[in-house]
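Spelled out, the chains give:
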Amino acid sequence: MNITNRLRFCLVLATVFLSANILADQHPCRDDQHQDYTIPLTETAGDAFYIFPPAAGSDRRSARLQSGQPPESLFRLVTNYEAFAEFIPRVAISRVIRRDARAAEVYQRLQFPAPMRDRHYLIRSEWTANREAQHFVVDWWLVDGTLPAPADAAVRPGRFNGCWDIRRLPGGGTDAVYSITVVPGGLIPEWLARKGVD
């Protein structure tokens, strides 16, 4: 498995295991308390993927990826929004509306099985890239605006935001923390909405 495919595999794992949860308002991408509290989930070809147990009283979920690949490879992958529909589960459309050197506005549509309706939304993603230190931070959140694609009875989520914090390990390779907040919105019960993205 080449570098890009291995990183895509880990990104898919993060999406599948985290998107099924209703999460708290804050995301802990830069929260040092998680440094020693990880549960191994899978390891393949030298890449390890972990989930964090939720803090007491919180439904927040986040994950960690440790890889032998360079941090910039993962950074380029998670900001390549044009390609998300090719490898991220449920993403039917991912269209960049505008982009500059440090930000992008993106329209996405997620497909779900009946009776859950599709979700669609606009997000703004902003990032900082310290290439000398190999430290990259990506944040995204919902923004208001007219959706460019036909609605087709799709629902806007109530909340969707998240972050990546991607750093170089002291001995080389990548240490990345990923966190999301998702409230699916719509009239369907939240327990059924969560089941629809399992």
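Asker: I'd like a description of the pairing of strand β5 (residues 103-110), backed by residues and values.
Answerer: By the criterion of burial, β5 is predominantly enclosed, with 8 of the 8 residues buried. Covered by surrounding structure in β5 are Ala 103, Glu 105, Tyr 107 and Arg 109 together with Ala 104, Val 106, Gln 108 and Leu 110, the residues of both alternating faces. Across 7 bridges, the pairing between strand β4 (residues 91-99) and β5 is antiparallel. Each bridged residue has a counterpart across the sheet, and for Arg 98 the counterpart in β5 is Glu 105. Between β4 and β5, which pair antiparallel one after the other, the connecting turn spans 3 residues. Note: β5 against strand β6 (residues 119-130), 8 bridges, orientation antiparallel. Paired with Ala 103 across the two strands is Glu 126, which belongs to β6.

Asker: Can you tell me about the environment of Val 177, naming the residues and giving the values?
Answerer: Checked against the element boundaries, Val 177 lands in strand β9 (residues 174-183). As for Val 177 and Val 137, which are separated by 40 residues in sequence, their C-alpha atoms are 9.7 Å apart.

Asker: Any chance you could break down unusual backbone geometry for me, citing the residues and the numbers?
Answerer: Positive phi is not limited to glycine here, since Arg 90 has a value of about 75°. Within the secondary structure, Arg 90 is located in the loop between α3 (84-87) and β4. According to the relative accessible area criterion, Arg 90 is partly exposed, its value standing at 35%. Positive phi is not limited to glycine here, since Gln 134 has a value of about 55°. For Gln 134, a relative accessible area of 11% corresponds to the buried category.

Asker: Residue-level account of the confidence of the model for the protein chain, with values.
Answerer: The predicted model of the protein chain averages 75 in pLDDT, with 64% of residues at 70 or higher. Low pLDDT, under 50, characterises residues 12-27; the stretch is placed with 55 contacts to residues that sit more than four places away or in other chains. Confidence drops under a pLDDT of 50 for residues 192-198, and excluding neighbours within four residues, the segment shows 17 contacts in the predicted structure.

The rules we used
Residues numbered from 1 in each chain as written. Predicted model: local features only at pLDDT ≥ 70, side-chain atom pairs only at ≥ 80, totals over all residues. Heavy atoms only, no water. Buried < 20%, exposed > 50% of the residue type's maximum accessible area, 1.4 Å probe, protein only. Helix = DSSP H or I, 4+ residues; strand = E, 2+ residues; numbered from the N terminus. Pairing = 2+ DSSP bridges. pLDDT = per-residue confidence, 0-100. Contact = heavy atoms within 4.5 Å.

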